[in-house]
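Chain and residue survey
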Amino acid sequence: STRSPATAAPSNDPPEQTRTGMSKAALKQAYIDNLFYIQGRFRDVASTYDLYMAAAFTARDRMLERWVESAQVYKTSHARTLCYLSAEYLLGPQLTQNLVNLGIAKVARAAAEELSVDFNAILEEEVEPGLGSGGLGRLAACYLDSLATQRIPAIGYGIRYEFGIFDQVIQDGWQVERSDNWLRNGNPWELPRPKISFAVRYGGHTEQTRDQEGRSRVRWVPEMVIKGVAYDTPILGYGVRNANLLRLWKSEAPESFDFQTFNVGDYYGAVHAKIEAETISKVLYPNDEPEAGKELRLKQQYFFVSCSMQDMIRLHRNTVGPLETIHQKFVVQLNDTHPALAIAELMRLLVDEQAMTWEQAWSITRQTFCYTNHTLLPEALETWSLALFERLLPRHLEIIYAINQEFLDQVRVRFLGDEARIARMSLIDETHGRRIRMAHLAVVGSRAVNGVAALHSKLIKTTIFKDFHELAPERFHTVTNGVTPRRFMVVSNPRLARLITATCGHDRWIGDLEYLRDLETHADDPVLQARWRQVKIAAKRDLACWLDHHTGVPIDPEAMFDIQAKRLHEYKRQHLKVLHIIRLYQRLKQDPSVSMVPRAFIFGGKAAPGYVMAKLMIKLINAVGEVINRDPQVNGYLRVAFMPNFNVKNGQRLYPAADLSEQISLAGKEASGTGNMKFSMNGALTIGTDDGANIEIREAVGAENFFLFGMTAEEVQRKQAEGYRPWALYQGDAELKSDIDLISSGLFSHGDPHLFRPLTDHLIHADPFMVLADYRAYLECQERVTEAYAQPRRWDRMSILNVARMGRFSSDRAIREYAERIWQIEPVVLDS
Ligand code: TH1
């Protein structure tokens, strides 16, 4: 029998249920057991870390039960399965999320507290796996949650980076990067699978050979072979018993030593080979929109894609059988072009290793893949130099040539004699010194291509993929991004979740966000409005307290919390926000008697370590904050704080506390945005441009409940075609000029007029993201915001309606659209 090792009261549950029972008594027992048998501790000597681990294992045991059950049902059901390939997953803290999806968040907390465990303290102990850089990685995590919730059998494939996105600290106003050693204390959520491992090859050359039947074949003789080992993390759905799998690959040397090398005495060389293998999954590239050409990045991409495709073939063999049907069993979704090499790799596996004909392999491959594009920014479109590619993946280059030749032959027939078109569509770019265009490979090898918001999907069809759209319009789709309300409402804003549930009289909205509409009829109810305010102010108080503690900037919770939190990038225009702050500052300085709605400006976000301008923008924000926060003439009205290390955990502190959400990218540049959704779901109003998903959010919540400003994407295109001259705008607007001049005067840089010159000069002379062109419209729109905020009842109504109408932006809706329109995958219901 399972006797307790410690002192917990004996449980009343029948013994066979205590192991993973959900009652408070069972949870207490399990907690004590795990503390004892896994951490080797008893209550009195356990550290907060031990207590966290025991809680995590208590949750995990219960997750595994569902996981095994799902695996069994999926195996026998012949259900189609989605393989989601993504180089990034930004999961965030796991414990609360998993307790919510298990349906035991409340009782687990109660159980812990009866054992005198401070639950909030153990939550603070948790480190998050930062295996992504921004919206794209977080989107992948939201989709995992919704795939399970929508009962879609799915495997997420990716890389188990040993170091995720760097930790950001702010020193003297500058960003400083610290490495993220997230595995330091162990990871209770993953299960290593040493027996699930595959060889991955690099370099060398190819040879023509013949098989037994005399058919010609290609043999790849690599220069280096490494091993990928699977680490599995279970992913639960909400309100269902389905559990899916996140499988991340870690790179290792095939043997701990190359003994041949060792025996001839090259001990150092042998160890070096091991280190080289382990380097591949060592660290995440921290750029949100990548810089191209890094060899290790290409190695990483091929590494995880090769392991994943080999694993998919193995799973198909184990369950279904004939390889010819693999496209009926699996759909592979490519999260941007980072995994696009999977197309060439599947071809190689089918043709070279499984001896399939090229025609059949191509037909299967073309039916297997779907590709999501996430950006139009030219510098983010991945290309690889042919020379590098050939050196690392000689066989894949041959395959890509063959795909390209066949494809261009088709184009030639359709568009006779249009050589310019052929050159534009080729998988090889000959204009910038021969490079492989990964986006073209992804489009040619996929049966469906989609953008991530309506505007974005329209733009890809008229710009980067115009020729492809003309060739095969039926392959282009749109699926607007979504975010999971479990994490971004229930987990991060429990007070609001409780109020919504009480107001609606049910909590069905958590599993089907359209039910938030039940709030609409209460939008003018003064009782709800008063409670709504209380919930908001409580979240603001929490955030103010955190910011005071971590930045030393005291903020009045009564002030309007005006927040911009996202990666630092010129196209996202954090500097436009800064110009607004400087304008208000100058207005107050010029007329100290002027009265204002007090505002706290809060920023958060990381800059790519090599992006000099973005780092200078962080310094500018902090420098302006330093002057304003210190000046008693203005700091009753204005405060500026920069939250260090914006990640999922810290984001969860921001979204509930925002009154105003800043979504001010240049129209046409932000493919979708997802932070915009997270803020709005938590009752913030949006000030935003006509860009990405902002457009659809505005449609959903109503134009009267959204602060729109600035040029449209079309106006941007027109202005740029006419020749944009920021200098003229600078000269023509006295306030704009004086705001920029104040930066270059040295006021914010202890008298140094040079510090921010690169930034101000760039704005005045180039301004590629047209900050100056939208400046006036932005200021005017902010006046309307102030006016609305000064009328609390009106503001509350707008805030309630924003939440009530956000149902469409649940990732559940997005996943249902993918499943129905793109994947043709049916849910698998697990009963009991
Ligand atoms: C982001 C887009 O910028 C953002 O608008 C969108 O909401 C999000 O993806 C999810 O669709 C992107 N992140 C990356 C990251 C890399 C490369 C391209 C993009 S686009 C590394």
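Because the structure is predicted, anything quoted here is derived from the model rather than measured.

On a plain count of helices and strands, the chain comes out with 34 helices and 24 strands. The globule rule puts the C-alpha radius of gyration for 832 residues at 28 Å, and the 28 Å found for the chain is close to it. If you line up the chain on its principal axes, its C-alpha atoms span 90 × 80 × 60 Å. Looking at the chain residue by residue over its 832 residues, the buried ones come to 61%. For the chain, the exposed area adds up to about 32,000 Å²; of that, 52% sits on carbon and sulfur atoms. Mean positive and mean negative side-chain charge positions of the chain (98 and 102 charges, respectively) differ by 2 Å.

A few words on the site of the ligand. The full set close to the ligand counts 18 residues, and Asp288, His374, Asn481, Glu670 and Gly673 are the nearest of them. At 2.6 Å, a side-chain N or O of Glu670 approaches an oxygen atom of the ligand. Relative to its unbound accessible surface of 480 Å², the ligand loses 98% to contact with the protein. Tallied by class, residues from the shell around the ligand come to six nonpolar, eight polar and four charged.

Right, let's talk about helix α3 (residues 48-77) for a bit. With 30 residues, α3 should reach 44 Å at 1.5 Å per residue; the first-to-last C-alpha distance of 43 Å fits that figure. Downstream of α3 by a residue or two, His78 has a phi angle that is positive, lying close to 55°.

Glancing now at the sheet that holds strand β14 (residues 383-385). Strand order in this open sheet of three strands is β14-β16-β15, and the pairing throughout is antiparallel. Both edges of this open sheet fall to β14 and β15 (428-429), since each of them pairs with a single strand only. Sheet topology note: the β15/strand β16 (residues 435-437) ladder contains two bridges and is antiparallel. Bridge assignment links Ile428 to a residue of β16, and that residue is Ile436.

Pairing of strand β5 (residues 167-171) with strand β6 (residues 174-178) involves five bridges; the strand directions are antiparallel. Residue pairing for β6: Gln168 is matched across the bridge by Glu177. Hairpin remark: β5 followed by β6, antiparallel, with two residues in the connecting loop; positive phi at Asp172, about 55°.

So, on to the environment of Val701. For Val701, the position within the fold is in helix α27 (residues 694-701). Taking the C-alpha atoms as reference points, Val701 and Tyr49, 652 residues apart in sequence, are found 43 Å from one another. In contact with Val701, not counting residues within four places along its chain, are Ser680, Phe706, Asn802, Arg805 and Met806.

What follows covers the domain arrangement of the chain. Domain assignment breaks the chain into domain 1 (78-93 + 128-481 + 817-823) and domain 2 (485-711 + 774-809). Computed from C-alpha atoms alone, the centre-to-centre distance between domain 1 and domain 2 is 36 Å. Both faces combined, the contact of domain 1 with domain 2 buries some 3,200 Å², and carbon together with sulfur accounts for 56% of it. If you look at where domain 1 meets domain 2, you find three salt bridges. Two residues, Arg486 and Asp145, come together in a salt bridge whose shortest N-O distance is 2.8 Å. Seen at the junction of domain 1 and domain 2, the total is 20 residue pairs in polar contact (both at pLDDT 80 or more). Of all the secondary structure elements, the ones that give two or more residues to the side of domain 1 that touches domain 2 are α7 (135-149), β5, β6 and α18 (454-462). Counting residues per element, the side of domain 1 that touches domain 2 draws most heavily on α7, at seven residues. Grouping the amino acids of the side of domain 1 that touches domain 2 by side-chain chemistry returns 18 nonpolar, 15 polar and nine charged.

Moving on to the packing of helix α23 (residues 574-590) against helix α30 (residues 734-744). Orientation of α23 relative to α30, taken along the N-to-C sense of each, is 100°, at an axis distance of 10 Å. When the axes of α23 and α30 are compared, the pair comes out roughly perpendicular. Across the interface between the two elements, Leu579, Ile582, Arg583, Tyr585 and Gln586 of α23 pack against Glu735, Leu736, Ser738, Asp739, Ile740, Leu742 and Ile743 of α30. Here the contact of α23 with α30 is built from residues that sort into seven nonpolar, two polar and three charged.

One open sheet accounts for nine strands, arranged β7-β10-β11-β4-β1-β12-β13-β17-β18; its pairing is mixed. Looking along the sheet, the strands with just one partner apiece sit at the ends: β7 (191-202) and β18 (476-478). Across the sheet, the axes of successive neighbouring strands diverge by a mean angle of 25°, strand direction being ignored. In the sheet, strand β12 (residues 330-335) pairs with strand β13 (residues 369-372) via four bridges, with the strands oriented parallel. Bridging across to β13, Val332 finds its partner in Phe369.

Here the structure, examined in full by the defined rule, presents 62 salt bridges. A salt bridge links Arg583 to Glu735; the nearest nitrogen and oxygen atoms lie 3.0 Å apart. With Arg583 in helix α23 and Glu735 in helix α30, this pair connects stretches of sequence that are 152 residues apart. Given a relative accessible area of 29%, Glu735 falls into the partly exposed group. What emerges from the salt-bridge pattern is a single network uniting Asp418, Arg421, Arg424, Lys466, Asp467 and Glu470.

Moving on: the packing of aromatic side chains. What the rule picks out here adds up to 19 aromatic pairs. On the basis of an interplanar angle of 55° and a centroid distance of 6.4 Å, the ring pair of Trp220 and Tyr302 is categorised as tilted. Remark: Tyr302 occurs in helix α10 (residues 295-319) and Trp220 occurs in strand β9 (residues 216-221); sequence separation between them is 82 residues. Of the residues examined, Trp220 reaches a relative accessible area of 5% and is grouped as buried. Judged by centre distance (6.2 Å) and plane angle (90°), the rings of Phe465 and Phe468 are edge-to-face. Phe468 carries the same exposure label as Phe465, and that label is buried. Taken together, the aromatic side chains of Tyr371, Phe407, Phe465, Phe468 and Phe476 make up a single cluster linked through ring pairs. The ring of Tyr231 is capped by Arg160, whose NZ or CZ atom sits 4.0 Å from the centre of that ring.

It is worth spelling out unusual backbone geometry at this point. The phi torsion at Asn645 lies on the positive side, around 60°, for a residue other than glycine. Note on placement: Asn645 falls in the loop between β21 (638-643) and α25 (648-654). What makes Asn645 buried here is its relative accessible area of 14%. The residue Gln824 is not glycine, and still its phi comes out positive at about 55°. Structurally, Gln824 is set in the segment after α34 (811-823). Given the relative accessible area of 43%, Gln824 is considered partly exposed.

About the cut-offs
- Residues numbered from 1 in each chain as written.
- Predicted model: local features only at pLDDT ≥ 70, side-chain atom pairs only at ≥ 80, totals over all residues.
- Heavy atoms only, no water.
- Helix = DSSP H or I, 4+ residues; strand = E, 2+ residues; numbered from the N terminus.
- Rg over C-alpha atoms; globule rule 2.2 N^0.38 Å.
- Buried < 20%, exposed > 50% of the residue type's maximum accessible area, 1.4 Å probe, protein only.
- Areas by Shrake-Rupley, 256 points an atom, 1.4 Å probe, with all protein chains shown as cover.
- Lys, Arg positive; Asp, Glu negative; His and termini not counted.
- Charge placed at Lys NZ, Arg CZ, Asp CG, Glu CD.
- Near = heavy atom within 4 Å.
- Polar contact = N/O pair within 3.5 Å; in protein donor to acceptor, adjacent residues only side chain to side chain.
- Nonpolar A, V, L, I, M, F, W, Y, C, P; charged D, E, K, R; others polar.
- Expected span 1.5 Å × (residues − 1).
- Pairing = 2+ DSSP bridges.
- Contact = heavy atoms within 4.5 Å.
- Domains from an automatic or database assignment.
- Buried area = accessible area lost by both parts, 1.4 Å probe.
- Salt bridge = Lys/Arg side-chain N within 4 Å of Asp/Glu carboxyl O.
- Axes fitted to C-alpha atoms, helices over the stretch in contact; angles between N-to-C directions.
- Parallel < 35°, antiparallel > 145°, perpendicular 65-115°, else oblique.
- Phe/Tyr/Trp six-rings, centres within 6.5 Å; stacked < 30°, edge-to-face > 60°.
- Lys NZ or Arg CZ within 6 Å of the ring centre and 35° of its normal.

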